[in-house]
Amino acid sequence: MSEPATLEIISDNISEDEVIFPPGDILSDEPPLESDLHRDQIDLLIRILKLWWRERQDFYASGNLTIYYSPNQKKSEYFRGPDFFVVLGTPKKDRKSWVVWQEEGKYPNLIVEILSSSTTAVDKGLKKQVYQDTFRTPDYFWFDPVTMELQGFHLVDGKYQEIQVTTDGRLWSQQLELYLGVYEGKLRFFTTENQLILSSEELTEQERLRAQQAEERAERAEQEIARLREALRIQGIDLENI
């Protein structure tokens, strides 16, 4: 679809919500997150996936960002703000919002909603219906950071079917080709080999521990060499003369 020309004059009788906005001019309009717990969880998913896919240039991952999907290209007609979503096959770049009619009609390939007391009913009801029937999002998950409830669905013949949990308590995402599971109270990604995908902070800590362990091994080796030298000296053996 060709993009509409920028409007130079707007009639006083036309509200902002009725204007067809030019590309990139629609800002996200999501309310503040309910708690630090929700914000940290969403941020963690975004950061880890971007780090894991750092060599890829064909995806967009974001969260608490408005998705506008009005068939009439109106800002206020149809919109949703998933807590976390991923769109595949799209340029990797920053956006102010996700505007379906400006993104080749693409909807998210995966959505995760972080449940709360005020959103649970909508996330499990209305939003699930919208993601199934309108978005046609293949993978939909919800996670409760308080109760640790995790459930997922995959679109089969136009209807969501529940994803079966593994023996490790994880759910497979066909779209990401990764498992989702709970680790230390957080929703995390796992590889096909069930390895936890680390955050940048965890990778840094892992390298620090490796360096520390290597230093400790070197120190123990030096102490052992010194002990052997002393034992040989006591026996009258001078290594320098051998």
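In this text the structure is predicted, and so the values were computed from the model without any measurement.

A. Spatial organisation of the sheet that holds strand β8 (residues 150-156). The strand order across the open sheet formed by 6 strands is β1-β4-β6-β7-β8-β9, and the pairing between neighbours is mixed. The outermost strands of the open sheet, each flanked by one partner alone, are β1 (59-62) and β9 (159-162). If you compare each strand with its neighbour and ignore which way they point, the axes differ by 15° on average. One ladder, built from 3 bridges, connects strand β4 (residues 84-88) with strand β6 (residues 110-114); its direction is antiparallel.

B. Looking closely at the nonpolar core. Within the largest apolar cluster, 26 residues are counted, with the highest numbers of intra-cluster contacts made by Leu49, Phe84, Val86, Val112, Leu176 and Phe189. With 6 residues, helix α1 (residues 36-52) is the largest single contributor of residues to this core. The contacts of Leu49, once residues within four sequence positions are left out, are Ala61, Phe84, Val86, Leu176, Leu178 and Phe189. Core analysis: the second largest hydrophobic core is formed by 18 residues, Trp98, Tyr140, Phe153 and Tyr160 among them.

C. Fine view of the pairing of strand β11 (residues 178-183). As defined by bridge partners, strand β10 (residues 171-173) adjoins β11 across 3 bridges and the pair is classed as antiparallel. Note on β11: the bridge partner recorded for Leu171 is Leu180. Here β10 hands over to β11 after 4 residues, with Glu177 in that stretch at a positive phi of 55°. By the bridge criterion, 5 bridges tie β11 to strand β12 (residues 186-190) in an arrangement that is antiparallel.

D. Structural view of the sheet that holds strand β3 (residues 79-80). Strand order in the open sheet formed by 3 strands is β3-β2-β5, with mixed pairing between adjacent strands. Bordering the open sheet on either side are β3 and β5 (98-99), each of which pairs with just one other strand. Here strand β2 (residues 67-68) runs beside β3; their pairing, made up of 2 bridges, is antiparallel. Paired with Ile67 across the bridge in β3 is Arg80.

E. Geometry of the packing of aromatic side chains. Counted according to the given criterion, the structure contains 17 aromatic pairs. Consider the rings of Tyr140 and Trp142, whose centres lie 5.9 Å apart with planes at 80°: the pair is edge-to-face. Accessibility expressed as a relative area gives 4% for Trp142, which makes it buried. Relative to Phe153, the ring of Tyr140 has its centre 6.4 Å away and its plane inclined at 25°; by these criteria the two rings are stacked. Of this pair, Tyr140 sits in strand β7 (residues 139-143) while Phe153 sits in strand β8, and the two are 13 residues apart along the sequence. Of the aromatic side chains, those joined through ring pairs into one cluster are Tyr69, Tyr78, Tyr107, Tyr131, Phe135, Tyr140, Trp142, Phe153 and Tyr160. Lying over the aromatic face of Trp53, Arg56 brings its terminal NZ or CZ to 4.0 Å of the ring centre.

F. Spatial organisation of the confidence of the model for the chain. Model confidence for the chain is summarised by a mean pLDDT of 85, while 83% of its residues fall at 70 or above. A low-confidence stretch, residues 1-22 stays under pLDDT 50, and its non-local contacts, those more than four residues away or across chains, total 24 contacts.

G. Structural context of unusual backbone geometry. Even without being glycine, Arg136 reaches a positive phi, approximately 55°. Structurally, the position occupied by Arg136 is in the loop between α3 (126-135) and β7. Arg136 sits in the partly exposed class, given a relative accessible area of 41%. With a phi close to 65°, Asn194 is a non-glycine residue in the positive phi region.

Analysis parameters
Residues numbered from 1 in each chain as written. Predicted model: local features only at pLDDT ≥ 70, side-chain atom pairs only at ≥ 80, totals over all residues. Heavy atoms only, no water. Pairing = 2+ DSSP bridges. Helix = DSSP H or I, 4+ residues; strand = E, 2+ residues; numbered from the N terminus. Axes fitted to C-alpha atoms, helices over the stretch in contact; angles between N-to-C directions. Core = buried A, V, L, I, M, F, W, Y, C linked by side-chain atoms within 4.5 Å. Buried < 20%, exposed > 50% of the residue type's maximum accessible area, 1.4 Å probe, protein only. Contact = heavy atoms within 4.5 Å. Phe/Tyr/Trp six-rings, centres within 6.5 Å; stacked < 30°, edge-to-face > 60°. Lys NZ or Arg CZ within 6 Å of the ring centre and 35° of its normal. pLDDT = per-residue confidence, 0-100.

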